[in-house]
Amino acid sequence: MSVQPRAEELVDSYFALARAALPKTADPAQAAAMEEALADIRSQMLEELAAASSRTGEDARILADFGPPEELAEECAALAREESRPSALWVKASAFSGRALGLPYDLRLPSAERVASRWWNPLDPRVLTPRLFGAGWTINFAAVASRLGIVRPDDEEVPFALVPRRWLVLALALSLALAAATVAAVIACQPGLPAMVPSHFGLDGKADGFEAKAWAPVAPLAVTAFGAALVAASWLRGRSHLARVASCALCASLSALASGVYSQQAAAAGGVSILIAGLVASLVLPFALFIVLSRVGRHYERLRDYENEKASKEEREP
Amino acid sequence: MYDMGAVRSHEGSSRVEDGSGSSLSQFRKGIVELAILALLHEGEEYGGRIVERLGEHPGLAIGAGTVYPLLARLKRSGLIDASWRESPVGPPRKYYRLTRSGGREFAAMLETWEGLSRAMAELLSKGAKR
């Protein structure tokens with residue numbers, strides 16, 4: 001299948017107009033992002049045209065579906081702005097993703113939004129999804145909740161979008177309080193630790209490796225600080241509700257994990273029950289946070305719809 | 001129909017990951033979309049019931065994991081609309097219904113489908129005779 005020469009001309013002139021309508025920018029990354037978005041849409045359009053080329057009159061309809069080129073340019077610019085906002089931290093160049101020898105690759109650091117949507121994606125039934133960056137899996141808590149019958153995949157149109165600010169602030173406060181409590185507990189316990197603390201446990205639950213006590217708080221504090229920093233970043237950058245909730249969940253999870261690890265080392269007792277409790281808490285806490293806020297979001301979505309219905313009813317019967 | 005959501009998800013390379021890039025699954029998705037539109041053409045329905053009713057046709061071989069993402073996509077492209085409704089019995093439910101453009105799209109898809117299936121039936125019956 002191929003595109004008719006005349007249709008290709010149409011596409012070329014359409015994109016010439018769209019490119020001309022792109023807003024001027026001094027940021028080369030943003031300019032590249034806009035061009036990339038346009039190129040994406042161009043290939044999408046060509047695909048559709050190629051699929052439809054046997055039918056007459058389809059070309060014009062497809063072009064019309066894409067809207068006026070000026071509007072398209074505007075949307076591309078908005079898209080590029082959204083993506084290149086945190087350009088200082090995130091790798092941002094088209095060379096880092098695409099296809100090489102027919103294989104897709106993605107070496108970009110994942111954006112907060114993409115990571116968050118891996119943690120809570122009600123539309124994806126998979127409980128474990130491959131990590132966006134690095135090896136292993138991420139738990140999709142929404143799939144777990146959906147399997148348990150706690151939430152439905154379509155409970156919320158956009159996850160947490162309608163959760164009121166006060167609830168988000170509550171989640172923020174709780175997760176940061178948990179991180180702060182972890183740090184405080186570590187600082188309070190550190191002087192009382194024995195000179196050597198267990199650093200590794202065998203399969204039988206007995207400590208089989210030891211380290212100087214000065215090392216014990218390093219990893220727990222670093223992990224907790226990382227969680228708190230993520231929360232702060234997602235709020236200061238004004239991320240979506242989903243990203244903010246996910247950062248709170250991650251912070252709570254990491255704090256619980258850090259507390260578990262440190263307490264286990266501090267307890268220096270046989271068995272790994274404290275560590276396991278920490279692990280369980282690091283899964284249960286984010287799960288609970290997601291579920292509660294998803295319920296809140298659903299509640300407000302329902303209220304919105306009931307209001308809309310009432311309003312449209314009144315309109316019909318004045 | 002063009003929507004920015006599709007471009008964004010493409011950007012997120014989710015198309016590659018959920019395997020929908022293969023032409024067969026694209027084909028199936030198109031058919032399931034038509035099935036959903038046909039169901040909603042009869043009247044509005046809630047998600048769980050849509051899954052159930054499509055599940056009554058084992059040949060379609062679709063479950064909740066396919067239906068909900070498609071409902072979300074159809075809603076994004078404006079072909080269907082959804083809203084929560086209180087129910088005198090049972091919990092509130094989110095009902096889906098065809099929009100005006102969804103009705104038009106359904107009519108167009110139905111026409112295409114009928115032409116296709118007629119042609120395919122002819123082609124396949126000839127092949128079987130030979």
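Up top is the structure these notes are about.
Everything quoted here is computed from the prediction, not taken from an experiment.

**What to know about the overall build of chain B**
Part 1 of the reasoning: Scanning chain B for helices and strands turns up six helices and three strands.
Part 2 of the reasoning: In sequence order, the secondary structure elements of chain B are arranged as α-α-α-β-α-α-β-β-α.
Part 3 of the reasoning: Out of the 130 residues belonging to chain B, those deemed buried represent 36%.
Part 4 of the reasoning: For chain B, the share of sequence-separated contacts (at least 6 apart) that also reach a separation of at least 24 residues comes to 48%.
Part 5 of the reasoning: Looking at chain B as shown, the accessible area adds up to about 7500 Å², and 57% of this sits on carbon and sulfur atoms.

**Notes on the overall build of chain A**
Part 1 of the reasoning: Helix and strand counts for chain A come out as ten helices and six strands.
Part 2 of the reasoning: Put simply, chain A has 318 residues, and 37% of those count as buried.
Part 3 of the reasoning: Taking the intrachain contacts of chain A between residues at least 6 apart in sequence as the baseline, contacts between residues at least 24 apart amount to 59%.
Part 4 of the reasoning: About 17200 Å² of surface is accessible on chain A, with carbon and sulfur atoms providing 65% of the total.

**What about the packing of aromatic side chains?**
Part 1 of the reasoning: Scanning the model with the defined rule gives eight aromatic pairs over all chains in all.
Part 2 of the reasoning: An angle of 25 degrees between the planes, with centres 6.0 Å apart, marks the rings of Phe 160 of chain A and Phe 290 of chain A as stacked. Here the residue Phe 160 of chain A occupies a position in the loop between helix 6 (141-147) and helix 7 (165-189), and Phe 290 of chain A occupies one in helix 10 (residues 273-316), the gap between them amounting to 130 residues.
Part 3 of the reasoning: In this structure Phe 160 of chain A comes out as buried when scored by relative accessible area, which is 0%.
Part 4 of the reasoning: What makes Phe 290 of chain A buried here is its relative accessible area of 0%.
Part 5 of the reasoning: Pairwise contacts between aromatic rings join Trp 119, Trp 120, Phe 141, Phe 160, Phe 287 and Phe 290 of chain A into one cluster.
Part 6 of the reasoning: It is Arg 302 of chain A that lies over the ring of Trp 84 of chain B; its NZ or CZ is 4.3 Å from the centre.
Part 7 of the reasoning: Note that Arg 93 of chain B overlies the ring of Tyr 46 of chain B, its terminal NZ or CZ placed 4.2 Å from the centroid.

**Regarding the packing of helix 7 of chain A against helix 10 of chain A**
Residues and elements named next belong to chain A.
Part 1 of the reasoning: At a minimum axis distance of 11 Å, the contact between helix 7 and helix 10 shows a crossing angle of 170 degrees. By the angle between their axes, helix 7 is roughly antiparallel relative to helix 10. Of the residues in helix 10, those in contact with Arg 166, Trp 167, Ala 171 and Leu 178 of helix 7 are Leu 285, Leu 289, Val 292, Leu 293, Val 296 and Tyr 300.

**Overview of a nonpolar patch on the surface**
Residue and element names in this part refer to chain B.
Part 1 of the reasoning: A contiguous nonpolar surface patch, about 410 Å² in accessible area, is contributed by Leu 116, Met 120, Leu 123 and Leu 124.
Part 2 of the reasoning: For Leu 123, the position within the fold is in helix 6 (residues 100-129).
Part 3 of the reasoning: Using a relative accessible area of 57% as the deciding quantity, one classes Leu 123 as exposed.

**Remarks on the sheet that holds strand 1 (residues 45-46) of chain B**
Part 1 of the reasoning: Judged by pairing direction, the sheet is antiparallel, and its three strands sit side by side in the order 1-3-2 (chain B) without closing on themselves. Here the strands that pair on one side only, and so sit at the sheet edges, are strand 1 and strand 2 (80-85) of chain B.
Part 2 of the reasoning: As paired elements, strand 1 of chain B and strand 3 (residues 93-98) of chain B share two bridges and run antiparallel to each other. Within strand 3 of chain B, the position partnered with Glu 45 of chain B by the bridge is Tyr 96 of chain B.
Part 3 of the reasoning: Docked against the sheet, helix 10 of chain A engages strand 2 and strand 3 of chain B, running at close to 100 degrees with respect to strand 2 of chain B.

**A short note on the pairing of strand 6 (residues 207-212) of chain A**
Residues and elements named next belong to chain A.
Part 1 of the reasoning: In this structure, strand 5 (residues 196-201) lies alongside strand 6, joined through five bridges in antiparallel fashion. For Phe 201, the partnering residue across the bridge sits in strand 6 and is Ala 207.
Part 2 of the reasoning: Hairpin remark: strand 5 followed by strand 6, antiparallel, with five residues in the connecting loop; positive phi at Gly 205, about 85 degrees.

**Here we look at the pattern of salt bridges**
Part 1 of the reasoning: As enumerated under the stated definition, the model contains 15 salt bridges over all chains in all.
Part 2 of the reasoning: Glu 309 of chain A is paired through a salt bridge with Arg 85 of chain B; the nearest N and O atoms lie 3.5 Å apart. Of this pair, Glu 309 of chain A sits in helix 10 while Arg 85 of chain B sits in strand 2, on two different chains.
Part 3 of the reasoning: For Arg 97 of chain B, the salt bridge goes to Glu 44 of chain B, with nearest N and O atoms at 3.2 Å. Residue Arg 97 of chain B is found in strand 3, and its partner Glu 44 of chain B is found in the loop between helix 3 (23-42) and strand 1; the two are separated by 53 residues along the sequence.
Part 4 of the reasoning: Residue class for Arg 97 of chain B comes out partly exposed when judged on its relative accessible area of 23%.
Part 5 of the reasoning: For Glu 44 of chain B, a relative accessible area of 32% puts it in the partly exposed group.
Part 6 of the reasoning: Members of the salt-bridge network, linked through shared partners, are Glu 309 of chain A together with Glu 44, Asp 81, Arg 85 and Arg 97 of chain B.

**As for the nonpolar core**
Part 1 of the reasoning: Ranked by size, the top nonpolar core spans 30 residues in total, and within it Trp 120, Phe 160, Cys 248, Phe 290 and Leu 293 of chain A carry the most contacts.
Part 2 of the reasoning: Residue assignment for this core shows that the elements contributing at least two residues are helix 5 (112-119), helix 6, helix 7, helix 8 (218-236), helix 9 (241-267) and helix 10 of chain A.
Part 3 of the reasoning: Per element, the largest residue contribution to this core is nine residues, and it comes from helix 9 of chain A.
Part 4 of the reasoning: Contact partners of Leu 293 of chain A, with chain neighbours within four places excluded, come to Glu 156, Phe 160, Val 163, Trp 167, Ala 171 and Val 245 of chain A.
Part 5 of the reasoning: Membership of the second largest hydrophobic core comes to 24 residues, among which are Val 32, Ala 35, Val 51 and Tyr 96 of chain B.

**With respect to the side chain of Gln 264 of chain A**
Residue and element names in this part refer to chain A.
Part 1 of the reasoning: Its location among the elements puts Gln 264 in helix 9.
Part 2 of the reasoning: Note on Gln 264: relative accessible area 2%, which makes it buried.
Part 3 of the reasoning: There is a polar contact of 2.9 Å between the side chain of Gln 264 and the backbone nitrogen of Leu 275.

Rules of the game
- Residues numbered from 1 in each chain as written.
- Chains lettered and ligands numbered in written order.
- Predicted model: local features only at pLDDT ≥ 70, side-chain atom pairs only at ≥ 80, totals over all residues.
- Heavy atoms only, no water.
- Helix = DSSP H or I, 4+ residues; strand = E, 2+ residues; numbered from the N terminus.
- Buried < 20%, exposed > 50% of the residue type's maximum accessible area, 1.4 Å probe, protein only.
- Contact = heavy atoms within 4.5 Å.
- Areas by Shrake-Rupley, 256 points an atom, 1.4 Å probe, with all protein chains shown as cover.
- Phe/Tyr/Trp six-rings, centres within 6.5 Å; stacked < 30°, edge-to-face > 60°.
- Lys NZ or Arg CZ within 6 Å of the ring centre and 35° of its normal.
- Axes fitted to C-alpha atoms, helices over the stretch in contact; angles between N-to-C directions.
- Parallel < 35°, antiparallel > 145°, perpendicular 65-115°, else oblique.
- Patch = residues over 30% accessible without salt bridge, like charges linked within 9 Å, V, L, I, M, F, W, Y side chains within 5 Å.
- Salt bridge = Lys/Arg side-chain N within 4 Å of Asp/Glu carboxyl O.
- Pairing = 2+ DSSP bridges.
- Core = buried A, V, L, I, M, F, W, Y, C linked by side-chain atoms within 4.5 Å.
- Polar contact = N/O pair within 3.5 Å; in protein donor to acceptor, adjacent residues only side chain to side chain.

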